Amino acid sequence: MTPQDMEARIVRYGDLKPCKTAFIDAHTPGSDQKENFTIIGGGVSESPDQHVHISIPHGFNIGAAGQPPKCRNSLHDHRTAEAFFVLSGRWRFFWGRYGTAGEVTLEEGDIFNIPTGVFRGFENIGTDYGMIMAILGGDDAGGGVMWAPQVIEDAADHGLVLAETGKLYDTKKGEHLPEGVKPMPLMGEEELAKRAEPTTADVLPNHVARYWDMVALADRTPCKVIGEAGLLRDKPGFEVDFITRASAAPDKHSHDKPSVLMPVKGHWRVEWDGGSATLAPGDTMSVPEGLAHSAVPSMTGEAAMYHIVATGDPAGLTWSGN
């Protein structure tokens with residue numbers, strides 16, 4: 001593989017193309033400044049304006065959300081896994097029917113494997129524009145989005161209507177639901193009752209991993225963060241490892257499925273037979289299946305990176321391991 005071929009599988013942070021109309025709350029005050037990015041796979045955007053950077057199936061999706069201070073993402077749920085790690089900024093994640101069941105604040109490098117079957121939202125509580133990177137289970141829509149009823153009602157008050165097909169229509173632009181297409185129905189009480197309301201004490205030990213703890217655990221070998229035997233035990237159809245300077249190996253290796261490299265700190269040099277590339281925080285590299293490669297820090301100083309690869313397990317509900 002030539003460096004030019006590989007560059008087509010690298011999405012540079014500075015080249016990310018945002019969509020500001022990705023979801024139903026795009027006009028709702030407090031949520032109207034957020035930007036959505038689909039990096040690998042179609043993601044869960046509801047807008048035809050969304051740009052997909054890499055469409056090669058990986059068994060999971062990679063996306064991102066960028067938001068200025070005090071901007072929030074409204075309460076929603078997915079049918080498959082959703083994990084976030086903080087690239088920049090300070091973020092408050094909250095969950096439950098009304099977002100009051102529990103909450104946690106995440107800093108740069110922290111990761112949150114959010115349990116399925118729970119409404120969740122997040123807010124940038126930092127002082128500058130922040131970015132969180134997302135991993136969604138499955139190909140294509142990654143499980144879709146299901147909104148808390150009040151989110152759909154608030155959106156309608158500000159001109160956005162979500163069709164039962166999952167497509168958004170903006171009445172402020174003169175758009176209307178096509179004939180025969182109904183609006184997305186509000187979730188009924190029976191369905192709402194199935195949504196869990198876990199406390200913070202329930203969630204933190206099993207679903208949140210802190211950056212500096214992972215740095216310590218990756219002192220000899222990469223830290224298995226999400227996986228059947230991971231720090232956060234789950235089988236969402238992918239595994240996530242955390243690699244530091246101390247656990248990076250110069251030996252080349254390969255996977256039988258495409259893998260993804262996502263630096264959090266420092267610059268990383270990826271080498272393969274035929275070329276090399278350097279990755280910076282916020283960059284995303286898709287490594288083809290079967291390609292032997294290595295990844296090591298290219299400069300002195302702090303260096304950490306997330307590594308994601310599909311496992312072939314179904315992209316279903318959060319797995320308890322029991």
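Here the structure is a predicted model, which is why all the values come from computation and not from measurement. (Residues numbered from 1 in each chain as written. Predicted model: local features only at pLDDT ≥ 70, side-chain atom pairs only at ≥ 80, totals over all residues. Heavy atoms only, no water.)

## A closer look at the packing of aromatic side chains
Overall, the coordinates contain 11 aromatic pairs when judged by the stated rule. Look at F93 and F112: their rings are 5.5 Å apart centre to centre, the planes differ by 85°, and that puts the pair in the edge-to-face class. Placement of the pair is F93 in strand β7 (residues 91-95) and F112 in strand β9 (residues 111-114), with a sequence separation of 19 residues. The class of F112 is buried, set by a relative accessible area of 1%. Taken together, the ring pairs connect F84, W91, F93, W95, F112 and F122 into an aromatic cluster. (Phe/Tyr/Trp six-rings, centres within 6.5 Å; stacked < 30°, edge-to-face > 60°. Helix = DSSP H or I, 4+ residues; strand = E, 2+ residues; numbered from the N terminus. Buried < 20%, exposed > 50% of the residue type's maximum accessible area, 1.4 Å probe, protein only.)

## Focus on the nonpolar core
By size, the foremost hydrophobic cluster in this structure holds 35 residues, and its most contacted members are I62, I111, V225, V240, F242, Y306 and I308. Counting residues per element, this core draws most heavily on strand β24 (residues 304-310), at four residues. Excluding residues that lie within four positions of it along the chain, I308 makes contacts with F60, I62, I135, F238, E239, V240, S259, V260 and M262. Listed in part, the 17 residues of the second largest apolar core include M146, V151, L160 and L168. (Core = buried A, V, L, I, M, F, W, Y, C linked by side-chain atoms within 4.5 Å. Contact = heavy atoms within 4.5 Å.)

## Notes on the pattern of salt bridges
All chains considered together, the criterion is met by 19 salt bridges. Between D77 and R120 there is a salt bridge, with the nearest N and O atoms lying 3.6 Å from each other. One end of the pair, D77, is in strand β5 (residues 72-77); the other, R120, is in strand β10 (residues 120-124), and 43 residues separate them in sequence. Taken individually, D77 and R120 each receive the classification buried, so the pair is uniform in this respect. Across the pair E108 and K265 runs a salt bridge whose closest N-O atoms are separated by 3.0 Å. (Salt bridge = Lys/Arg side-chain N within 4 Å of Asp/Glu carboxyl O.)

## Focus on the pairing of β9
Of the two faces of β9, both are covered, the one formed by I111 and N113 as well as the one formed by F112 and I114. As paired elements, β9 and strand β15 (residues 208-209) share two bridges and run antiparallel to each other. Across the sheet, the residue bridging to F112 is V208, located in β15. (Pairing = 2+ DSSP bridges.)

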